[in-house]
Each structure stands twice: as C-alpha cells, then as structure tokens.
Amino acid sequence: MKNYLAADTASKYLCAVLCYRGKKYEFFKDDCAMRHSSELMPAADKLFKEAGATPAEMDFFACSVGAGSFTGIRIGIATMKGFALAAGKKILPVTTFGCAAYNGKGKKILCLCDALHAHYYACGYNEAGEVTLPPSYIPEEELRALAAQGYELRTLENTDFLPADLPCVRIDPAKALAAEAEKLAKNEENFKEPAALYIRKCQAEIEKDERAAKQLADGDAGAEK
C-alpha cells in the first residue's frame, strides 16, 4: 500500500487521513466551518507525528476538489499542492461525490452536499456504479422526485441540512476519503492538477452578474428616453 496524505475541506467538517507503512491515521472535526485555513496544517502535522512519518516519505497527496464550500475547496487544494510541490510528489484530486459513493455498488445512490437555501449539489449512480445524474445543482422538489425514483440518499455531511422526512445515510468521511484515494491511485492517469468542481457560481459572482445586468438594463432604459 502506498503512503499518502489526503484531506477533505469541502464541507463544514475537516477530515484528513495519513497512510504510512500500511497503517492509517485519521483526523476528523465535525464543525470546522470557516477555520479550515487555520486547522488543516496543525491536523496534518499531528498525523505526521503520530505516524512517525515525513512529507518526503509520502508517495502522493490527495485533496477533495468538491463539490462543497468554495473557500474550503480552495484551501484544501492549495495546501495539498504545497505539500506535493515541496516534497516533489504527485497530487490526486478526489470528489465528495466519489467519496460518498463508497461501498455503493449494487445500489442506486444519490450523493448529496449542502448548497444552502434548500438547494443541493447532487450526483447519481446506478447499481453498477455508473453516473446516471452528472454533478448538478438541484432544488428540494427535484431532490424529492429523485428520492421517489428509488435512489438511496447519501452524504458525507451531517444530515440536518436535508428535509427531516427524507432518510439519508451519512458515510464515514475518513473511511470514504481513504477508499477513494486508494482506488483512484491505482490508475496513473488520475494524478493531475486538481481543479475545483464548482457546479455553480459562488454567491459573490452571482451578485456581481446581477449588478452588471441591472446596470446594463438601466443604461438601455436611459438610452430609450
């Protein structure tokens, strides 16, 4: 088994897994919102010390590229890229959807992330593990329609962001992160420059576009007078 450090900062939680000489060391904090930048490096340092390992001994570094928190994703990517560059090692991007699909073969599953305001980032898989719904931004009514089609709802997050009447399985983020990193690491083509999986624009960009559209509309209205 390869040595690696993997981190997931795409949600409110902070999750990191270090595998060294066949043994895994985990760090998990369920509520780390807005503190990923200050807590990820200490978490990584803690794992290296527990394992008695160094970054130079890792075969690769892995990071979650989303979907999830815009800021959290950027922090995880930048930190793992820093480790990889300093140690001269490869970097492996993983997705929250791929992680949430952990041990899901044989089931029709819908992997979810909280997109706020009763909207969700979602990705669906059939029983063979093939994507049936590509990464999407969906409202609650579409989520309910998909659940009615027999999808098992899954998430890596605390399930309280979902409607209380929709049952959802919370997958262990650390076990899922390790399993997905190890699965993808078997194929050299999966090692590549990580790019954030942004399914929609961030709120700041949306508001900027709305202001630009309003200014354009106001300008057109003024020209017609």
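Residues numbered from 1 in each chain as written. Predicted model: local features only at pLDDT ≥ 70, side-chain atom pairs only at ≥ 80, totals over all residues. Heavy atoms only, no water.

Asker: For this particular structure, what's the right way to read the overall build of the chain?
Answerer: Scanning the chain from terminus to terminus reveals 6 helices and 10 strands. Burial analysis of the chain (225 residues in total) assigns 46% to the buried set. Considering only intrachain contacts with a sequence separation of at least 6, the fraction spanning at least 24 residues in the chain is 58%. Carbon and sulfur atoms make up 54% of the accessible area of the chain, which totals about 11400 Å². Put simply, the chain has 29 plus and 32 minus side-chain charges, and the middle of one group is 5 Å from the middle of the other. (Helix = DSSP H or I, 4+ residues; strand = E, 2+ residues; numbered from the N terminus. Buried < 20%, exposed > 50% of the residue type's maximum accessible area, 1.4 Å probe, protein only. Contact = heavy atoms within 4.5 Å. Areas by Shrake-Rupley, 256 points an atom, 1.4 Å probe, with all protein chains shown as cover. Lys, Arg positive; Asp, Glu negative; His and termini not counted. Charge placed at Lys NZ, Arg CZ, Asp CG, Glu CD.)

Asker: Just checking my understanding: could you explain the sheet that holds strand β6 (residues 109–114) for this structure?
Answerer: By definition, the strands of a sheet pair up through backbone hydrogen bonds, in either a parallel or an antiparallel sense. Reading across from one edge, β8-β7-β6-β9-β10 is the order of the 5 strands in this open sheet, with mixed pairing throughout. For this open sheet the edge positions go to β8 (131–139) and β10 (169–170), each flanked by a neighbour on one side alone. Taken together, the 4 bridges between β6 and strand β9 (residues 152–155) define a ladder with parallel strand orientation. Following the sheet pairing, leucine 110 is matched in β9 by leucine 153. Helix α4 (residues 140–148) rests against β6, β7 (119–125), β8 and β9 of the sheet, and its axis sits at about 145 degrees to β8. (Pairing = 2+ DSSP bridges. Axes fitted to C-alpha atoms, helices over the stretch in contact; angles between N-to-C directions.)

Asker: When you look at unusual backbone geometry in this model, what are you seeing that I'm missing?
Answerer: It is generally the case that most residues other than glycine have a negative phi and that most peptide bonds are trans. The residue after glycine 66, namely alanine 67, is reached through a cis peptide bond having omega 10 degrees. If you trace the backbone, alanine 67 turns up in the loop between β4 (60–64) and α2 (70–87). At arginine 21, a residue that is not glycine, the phi angle is positive and equals roughly 55 degrees. Take arginine 21: it is sitting in the loop between β2 (14–20) and β3 (23–29). Of the residues examined, arginine 21 reaches a relative accessible area of 69% and is grouped as exposed. You will see that alanine 118, though not glycine, has its phi angle at about 60 degrees, which is positive. With respect to the helices and strands, the residue alanine 118 is situated in the loop between β6 and β7. For alanine 118, a relative accessible area of 41% gives the class partly exposed.

Asker: Would you explain helix α5 (residues 173–184) in this entry?
Answerer: Along an α-helix, residues three or four positions apart point the same way, because every turn accommodates 3.6 residues. The end-to-end C-alpha separation of α5 is 16 Å, in line with the 16 Å expected for 12 residues at 1.5 Å each. Among the residues of α5, Pro173, Ala174, Ala176, Leu177, Ala178, Glu180, Ala181 and Leu184 are the ones counted as buried. The N-cap residue of α5 is aspartate 172: its side-chain oxygen and the backbone nitrogen of alanine 174 are 2.9 Å apart. (Expected span 1.5 Å × (residues − 1). Polar contact = N/O pair within 3.5 Å; in protein donor to acceptor, adjacent residues only side chain to side chain.)

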